[in-house]
Amino acid sequence: METRTKSSYGSYLSGQWVKTENEFEVVNPATAQPFARVSTIDNSQLKDALSAAKDALPAWRAMTAKDRGLLLHRVADEIARRKAEIARTITLENGKPLAQSEGEVAMAEDHLRWFAEEGRRVYGRIIPPQVHGKRHLIVKTPIGTVGAIAPWNFPLVLSVRKVAPAMAAGCPVILKPATQTPLSAVALAECMEAAGIPGGVFQLAIGNAVMISEEFLSNEICRKISFTGSTRVGQELIRGAAKTIKPLCLELGGLAPVLIFEDCDLDKAVQETIIAKFRNTGQSCIAANRIYVQKTIYKEFLERFTDAVEKLKVGPGLEAGMDLGPMINQNALDGALSQIEDAVKKGGRVIAGGERLKDLPGFFLKPTVIEGVSDDALCMCEETFAPIAPVSSFDTEEEAIRRANDTPYGLSAYAMTRDIGRMFRLSEQMEAGTLGINDGSPSTSQSPFGGVKQSGWGRELGVEGLEAFLETKHVSIGGG
């Protein structure tokens, strides 16, 4: 299968494509119209998939990491070969501009190649004994079958962040994509099939989120769940995992602050804040949510930032030159408009955007800047999955850090400064899993990603992303 010329799709289970009579529509958020149908599996089919993963585990685990890596490189080759088509698929179902979809495909390929090589570097160690005649070995072994639950906002790359390290570590994976964006996962499954990945090692399960997550939680074959999504759903998974003490990797909600200090390169600060805020139409867990600007440069920054925002092009992602696409659906658009209304009621002033684009049929919101926003406004307290930039001022570094950390979330944060001492202080004091200093796009394959506080458990990417799917085993040998 090479292009999205079909209109009906299914799951990929035990090396076979499976369709059922139960279908749902996939909607293009740029037109608000359905363009494909996807069938869902039932619980018995999911149980069979878990059994197939169990059967596939021994051979996959026994394969050398080098050979597993060669297969992952083949998957990356397939993704690279189909880059244009897969990027178009992402834009059709997610809405983001095509150039950003192409960037997502490139990052997914890079993740696959990184973990294809990093699997070779899973090292144990020998520990000096305290008792004569004993030897102590530390061995790393695959955790077992993994249930991966991916979100809609980066549907390909966030799937690959879970799938690639788990497979590199020797674990079979069952991927459950978001129902808003299942076709990116279908394309990934096609690449897995074309690359020769054994059928039970990678499976794609499209269906009811509650049913699939509950089976992952209760079924003993599933040894770990990796989830990206809201903190509320993460809390539900934690409660469900308590019964079987099932390990979880959770990448949850964010409320990222941007601290813009008076010593920054102002042009660079505007450029990087635009990237951090408006990439993927603001629908990113690491998107800049709260912008704090030192009072001495507040007016100048606001003018430059607002001017740059007003120049952003908004429209269907398949049209050339777009900077922002639509929001994912009507509920997301309504929620964004409610946050704008609340911010204004609490003293904020809309100086750019603030309303829906009425001349387009999809779920488009004009990129919005609200200045003078109070800290108790919803857009400063709740994750804003929208192109809304609330801006507030601060006096001192201590105040900025205190306000930035005054949240139960801690996924990412940003700071714009040229002061080396301040960079180190921020690195030590900011409560976030990732800190981008003069960098609005800090994520990279070789560096760990994850949150603190209510933004999650565990890490993806980097060495830590591979370790997440390995058990550490102590072997004590006596009598020698």
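Residues numbered from 1 in each chain as written. Predicted model: local features only at pLDDT ≥ 70, side-chain atom pairs only at ≥ 80, totals over all residues. Heavy atoms only, no water.

**Quick notes on the overall build of the chain**
Inference 1: Helix and strand content of the chain: 15 helices and 23 strands.
Inference 2: Since a compact globule built from 480 residues should have a radius of gyration of about 23 Å, the 23 Å found for the chain is in line with a globular shape.
Inference 3: For the chain, the spread of C-alpha atoms along the three principal axes comes to 70 × 60 × 40 Å.
Inference 4: Expressed as a percentage of its 480 residues, the buried residues of the chain come to 56%.
Inference 5: Counting only contacts in the chain whose residues sit at least 6 apart along the sequence, the fraction spanning at least 24 positions is 72%.
Inference 6: Averaging the coordinates of the 54 positive side-chain charges in the chain and doing the same for the 59 negative ones gives two points 5 Å apart. (Helix = DSSP H or I, 4+ residues; strand = E, 2+ residues; numbered from the N terminus. Rg over C-alpha atoms; globule rule 2.2 N^0.38 Å. Buried < 20%, exposed > 50% of the residue type's maximum accessible area, 1.4 Å probe, protein only. Contact = heavy atoms within 4.5 Å. Lys, Arg positive; Asp, Glu negative; His and termini not counted. Charge placed at Lys NZ, Arg CZ, Asp CG, Glu CD.)

**With respect to the nonpolar core**
In summary, soluble globular proteins display a tendency toward joint burial of nonpolar side chains.
Inference 1: Ranked by internal contacts, the top residues of the largest apolar core, which has 93 residues, are M167, F202, I260 and F305.
Inference 2: If near-sequence neighbours (up to four positions away) are discounted, I260 is found in contact with A269, T273, I291, Y292, V293, Q294, I297, F301, F394 and M416.
Inference 3: Counting residues in hydrophobic clusters, the runner-up holds 25 residues, among them L259, A336, A386 and A404. (Core = buried A, V, L, I, M, F, W, Y, C linked by side-chain atoms within 4.5 Å.)

**Topic: the environment of D48**
Inference 1: One can find D48 in helix α1 (residues 43–62).
Inference 2: In this structure the C-alpha to C-alpha distance between D48 and S14, which are 34 residues apart in sequence, comes to 8.4 Å.

**Points about empty space enclosed by the protein**
Inference 1: Counted by the stated rule, this structure contains 2 cavities of 30 Å³ or more.
Inference 2: Within this model, the largest cavity holds a volume of roughly 70 Å³.
Inference 3: Together, 15 residues line the largest cavity, and P257, Y409, G410, S412 and E431 are the ones closest to its centre.
Inference 4: Secondary structure elements with two or more residues in the lining of the largest cavity: β13 (256–260), α13 (397–405), β18 (409–410) and β19 (412–416).
Inference 5: Residues belonging to the lining of the largest cavity are distributed by class as follows: 9 nonpolar, 4 polar and 2 charged.
Inference 6: Taken as a whole, the second largest cavity spans an internal volume of roughly 40 Å³.
Inference 7: Considering the residues around the second largest cavity, the lining is formed by I275, A276, R279, S284, I286, A287, Y414 and G440.
Inference 8: Residues that form the lining of the second largest cavity fall into these classes: 5 nonpolar, 2 polar and 1 charged. (1 Å grid on protein atoms, 1.4 Å probe; cavity = no way out; pocket = protein on both sides within 12 Å on 5 of 7 lines; lining within 4 Å. Points joined across faces, edges and corners; volume = space filled by probe spheres on them. Nonpolar A, V, L, I, M, F, W, Y, C, P; charged D, E, K, R; others polar.)

**Describing the pattern of salt bridges**
Inference 1: Summed over all chains, the structure comprises 29 salt bridges.
Inference 2: What you see here is one network of salt bridges that share partners, running through D263, E397, R422 and R425. (Salt bridge = Lys/Arg side-chain N within 4 Å of Asp/Glu carboxyl O.)

**A few points about the side chain of K162**
Inference 1: Summarising the element assignment, K162 is placed in helix α5 (residues 157–169).
Inference 2: For K162, a relative accessible area of 1% corresponds to the buried category.
Inference 3: A polar contact is formed between the side chain of K162 and the side chain of S226, at a distance of 3.4 Å.
Inference 4: Apart from the residues lying within four places of it in its own chain, the contact partners of K162 are A148, I149, A150, S226, F227, T228, E460 and F469. (Polar contact = N/O pair within 3.5 Å; in protein donor to acceptor, adjacent residues only side chain to side chain.)

Any functional reading would require information beyond the geometric quantities listed.
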